[in-house]
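# Structure assessment
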Amino acid sequence: MTPLQFEARYQADWEELQRLLHRLQRHERVPEPVSAERLASLYRRACEQLALARARAYPTHIIERLNQLTSDAHQVIYQQRELGLGRLRRLIGRDFPCVVRAHSAYVWLATAVFAVPMVTLGLLVYLNPDLILSIVDPRTAAAFEAMYSDTAKSIGRLDNAERDWAMFGFYIRHNIGIGFQCFASGLFAGVGTLFFLAFNGAYIGGIAGYLTERGLSSTFYSFVVTHGAFELTAIVLTGAAGLRLGHALVAPGPRTRREALILAAREAIVIVYGAVGLFLIAAAIEAFWSSARWIPLPLKYGVAACCWIGVLGYLWRQGRHAR
Amino acid sequence: MLDTVVSAETPEGIAVELRPAGFGARYFAYLLDQFIRIGIVYTFALATIIMGGFGFGLLLILAFALEWLYPVAFELSRWGATPGKRALGLKVVMDNGLPITPAASFIRNLLRAADFLPAAYGAAVVSMLLRRDFKRLGDIAANTLVVHRPTTPAPVAIEDVEPLAPVRPLQPQDQAAVVALAARASRLTRERLDELAALAAWVSGDMGRSGPEVTRRVLGVAQWLLGRR
């Protein structure tokens, strides 16, 4: 068969396939129905014709045209869309806590790398307050002290940024940024994640030790304890996700490093989704609840205890029996 | 054939050809996106300046969304690319040529934080320059590829000349070469066309000769191969 005969014989098929694809890709509100059977059969035929055209070294324009036609159809037929409310419900109800439990070794390691520097620095700074200057400069230290002093109008912020909403935005941008950094730097064999976890742990611990030593513990702890349930958990979880990436690169097992990394990323990203949710809750609590002075301390601690039990219980039990 | 073409095999056993986009195109796409984002932030900042703390909070949330969610939202749209990439004719697809999945889009865009290190996307640049498929770290982990959107091939107009049977049967790749020459004929100068046709002159039995007459005969063979007999 000559190229011209080939083109003439299948032209109608190609045009019909093109029309069907065009209709499917237009995303109309009320799409015209397209027969899946017809589409699949035209696609398979086009694949066959492309293979023939290549084998017979037909002119490039025919091969190009078939190549584009089949690749467009391939995209339409095999695409997977997994967005939507159903997916979100599955993520919260089952996938997120289950994936976290499946990565419990990473979660415990991340917890240790985060908590050990936090406690160590906290104690060191508490015993020797001058050490705070090795973490932050004097102005920042003074600013922290002012934020949690008994005379501050609302806790945890300076007067010039007193609006709750402004702080809400700030917490979202800053904290989720830290979380993403913890996750992404796992790509460097996990070293980046270890660094960011330890660094943030040491920083938080140092500030806590300093403020405790200054006698501001009741303001400070009543401020951080509620949203800490979400925020500290989320930092540790993003760290665990980063460690998973790093581990896949260092010890890929039976796979190639590339395959191991792709698989690890696909699983770890579910942890990051959940952590982002926790960060958002934390930001809202931090901006509108933790900073409020009018709430009596016992109530704050009571709510905080519920939050901690809720978060840990959720990660521990949720979705265990779901199928 | 370009040396950077990646072919992805479909379940039907045919290879789909993907053309990965290089550093230059991706850099300009990034710059464009960056300008768009800065433009949005400035416009919004002007609009919310009167709203005080509330507006400032919204502005920070917007900055956060633009930094992390802007690429994800656009990559998952029907175009599969941010406006900057779209302007440069690029598109993000999975390694197998399929549209990008939400998980892959989140992975490649969150790992931006790693690509950015140590400064100014250093890791991304090194990775892109070292690889044949120009992937940055996020692309490697997400199994994605930034490709040039295929352009619709222009219909080939081959000049009408008298068909002429080749002097002996031609191998498929020789046939393809002669037809490809005929397809390019209208875009070449007369002299260059004669030169190239002289290389293929043996198909019409004119080995060793050249000139407009030989060219016409070679193009005639192309006509015959295409099926005009």
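Bear in mind that the values here come from a model prediction, so they are computed numbers and not experimental data.

What follows is about the overall build of chain A. Counting its regular elements, chain A contains 11 helices and zero strands. What you see in chain A, going N to C, is helices and strands ordered as α-α-α-α-α-α-α-α-α-α-α. Expected size for 323 residues packed as a compact globule is a radius of gyration near 20 Å; at 28 Å, chain A overshoots this value by more than 25%. Seen through its principal axes, chain A has C-alpha atoms that stretch 90 × 45 × 45 Å. The buried share of chain A, reckoned over its 323 residues, is 41%. Considering only contacts in chain A between residues 6 or more positions apart, those separated by 24 or more positions represent 79%.

Next up on the list: the overall build of chain B. A count of helices and strands for chain B gives 10 helices and four strands. Starting at the N terminus and ending at the C terminus, chain B contains elements arranged as β-β-α-α-α-β-α-α-α-α-β-α-α-α. Against the 2.2 N^0.38 benchmark of 17 Å for 229 residues, chain B shows a C-alpha radius of gyration of 26 Å, more extended than a compact globule. Seen along its three principal axes, the alpha-carbon backbone of chain B occupies a region of about 85 × 35 × 30 Å. Taken across its 229 residues, chain B has 36% of its residues classed as buried. Partitioning the intrachain contacts of chain B with sequence separation of at least 6 by distance along the chain shows that 58% fall at a separation of at least 24.

All right, on to the interface of chain A and chain B then. Many structure descriptions define interface size as the accessible area lost when the parts assemble. Between chain A and chain B, the contact holds 50 residues from the first and 51 residues from the second. Going through the elements one at a time, α1 (3-25), α2 (36-55), α3 (60-78), α7 (164-184) and α10 (257-290) of chain A are the ones with two or more residues in the side of chain A that touches chain B. Of all the elements, α7(A) adds the most residues to the side of chain A that touches chain B, at 12 residues. The residue makeup of the side of chain A that touches chain B, split by class, is 25 nonpolar, 16 polar and nine charged.

Before going further, it helps to spend a moment on the domain arrangement of chain A. Domain boundaries assigned for chain A yield domain 1 (3-78) and domain 2 (86-317). A C-alpha centroid distance of 52 Å is found between domain 1 of chain A and domain 2 of chain A.

The next thing to look at is the nonpolar core. Ranked by size, the top nonpolar core spans 123 residues in total, and within it A110(A), A265(A), I271(A) and A141(B) carry the most contacts. Sorting elements by how many residues they give to this core places α10(A) first, with 17 residues. The contacts of A110(A), once residues within four sequence positions are left out, are L197(A), V236(A), G239(A), A240(A) and L243(A). Ranked by size, the runner-up nonpolar core spans 19 residues in total, among them V179(B), V214(B), V218(B) and A222(B).

So, about the environment of T212(A). Residues and elements named next belong to chain A. Along the polypeptide, T212 turns up in helix α8 (residues 191-213). Residues T212 and G122, 90 residues apart in the sequence, show an inter-C-alpha distance of 9.0 Å. If we ignore the near neighbours within four places in the chain, the residues touching T212 are Y126 and S217.

Bringing the domain arrangement of chain B into the picture now. Domain annotation of chain B identifies domain 1 (6-148) and domain 2 (172-226). For domain 1 of chain B and domain 2 of chain B, the distance between their C-alpha centres works out to 45 Å.

Time to look at the pairing of strand β4 (residues 144-148) of chain B. Every other side chain in a regular strand lies on the same face of the sheet, so the side chains alternate between the two faces. All names here are of chain B. For β4, the tally of buried residues reaches four of five residues, placing the bulk of the element in the interior. Where strand β3 (residues 90-94) and β4 come together, five bridges link them in antiparallel fashion. From the neighbouring strand, L90 faces β4, where its bridge partner is H148.

This next bit is on the environment of T256(A). In this structure, T256(A) sits in the loop between α9 (217-250) and α10. Spatially, the C-alpha atom of T256(A) lies 24 Å from that of V272(A), the residues being 16 residues apart in sequence.

A word on helix α10 (residues 212-226) of chain B. Given a rise of 1.5 Å per residue, 15 residues ought to cover 21 Å, and the 21 Å separating the end C-alpha atoms of α10(B) matches this to within 8%. The buried fraction of α10(B) amounts to 12 of the 15 residues, a majority that puts the element mostly inside the structure. Buried within α10(B) we find V214(B), T215(B), R217(B), V218(B), L219(B), G220(B), V221(B), A222(B), Q223(B), W224(B), L225(B) and L226(B). For α10(B), the elements touching its buried residues are α1 of chain A together with α8 (172-184) and α9 (190-199) of chain B. Positive phi appears at G227(B), one or two residues downstream of α10(B), with a value of about 120°.

All names here are of chain B. Positive phi, close to 50°, is recorded for A120, a residue that is not glycine. Inspection of the secondary structure puts A120 in the loop between α5 (112-116) and α6 (122-130). Residue classification places A120 among the exposed residues on the basis of 8 C-beta atoms within 10 Å. Notably, N143 is not glycine yet its phi reads approximately 65°, a positive angle. Looking at the element boundaries, N143 is found in the loop between α7 (137-142) and β4. Under the C-beta neighbour-count criterion, N143 is labelled buried, with 23 such atoms within 10 Å.

Moving on: the confidence of the model for chain B. Residues and elements named next belong to chain B. For chain B, per-residue confidence averages 85 on the pLDDT scale, and residues scoring 70 or more make up 96% of the total. Across chain B, helix α3 (residues 83-87) holds the top mean pLDDT of 93, while strand β2 (residues 15-18) sits lowest at 80. Two summary scores accompany this predicted model of the complex, namely pTM at 0.81 and ipTM at 0.82.

So, about the environment of R38(A). Here R38(A) shows up in helix α2. For R38(A) and L20(A), which are 18 residues apart along the polypeptide, the C-alpha to C-alpha distance reads 9.2 Å.

This part takes up the pairing of β3(B). Burial within β3(B) is extensive, with five of its five residues counted as buried. Where burial is concerned, the two faces of β3(B) agree: the one with L90(B), V92(B) and M94(B) and the one with K91(B) and V93(B) are both buried.

With 23 residues, α8(A) extends 32 Å between its outermost C-alpha atoms, agreeing within 8% with the 33 Å of an ideal straight helix rising 1.5 Å per residue. The first or second residue beyond α8(A) is G215(A), which carries a positive phi of 80°.

Turning our attention to the packing of α7(A) against α8(A). All names here are of chain A. Two elements in contact, α7 and α8, have axes whose closest approach is 7 Å; the angle formed by their N-to-C orientations is 145°. Once α7 is placed against α8, the crossing between them reads as left-handed. The segment α7 lies against α8, with I178, Q181 and C182 engaging T193, F196, L197 and N200. Split by residue class, the contact of α7 with α8 holds four nonpolar, three polar and no charged.

About the thresholds
Residues numbered from 1 in each chain as written. Chains lettered and ligands numbered in written order. Predicted model: local features only at pLDDT ≥ 70, side-chain atom pairs only at ≥ 80, totals over all residues. Helix = DSSP H or I, 4+ residues; strand = E, 2+ residues; numbered from the N terminus. Rg over C-alpha atoms; globule rule 2.2 N^0.38 Å. Buried ≥ 20, exposed ≤ 12 C-beta atoms within 10 Å, placed from the backbone. Contact = placed C-beta atoms within 7 Å. Nonpolar A, V, L, I, M, F, W, Y, C, P; charged D, E, K, R; others polar. Domains from an automatic or database assignment. Core = buried A, V, L, I, M, F, W, Y, C linked by C-beta atoms within 7 Å. Pairing = 2+ DSSP bridges. Expected span 1.5 Å × (residues − 1). pLDDT = per-residue confidence, 0-100. Axes fitted to C-alpha atoms, helices over the stretch in contact; angles between N-to-C directions. Left-handed = near helix turned anticlockwise from the far one by under 90°.

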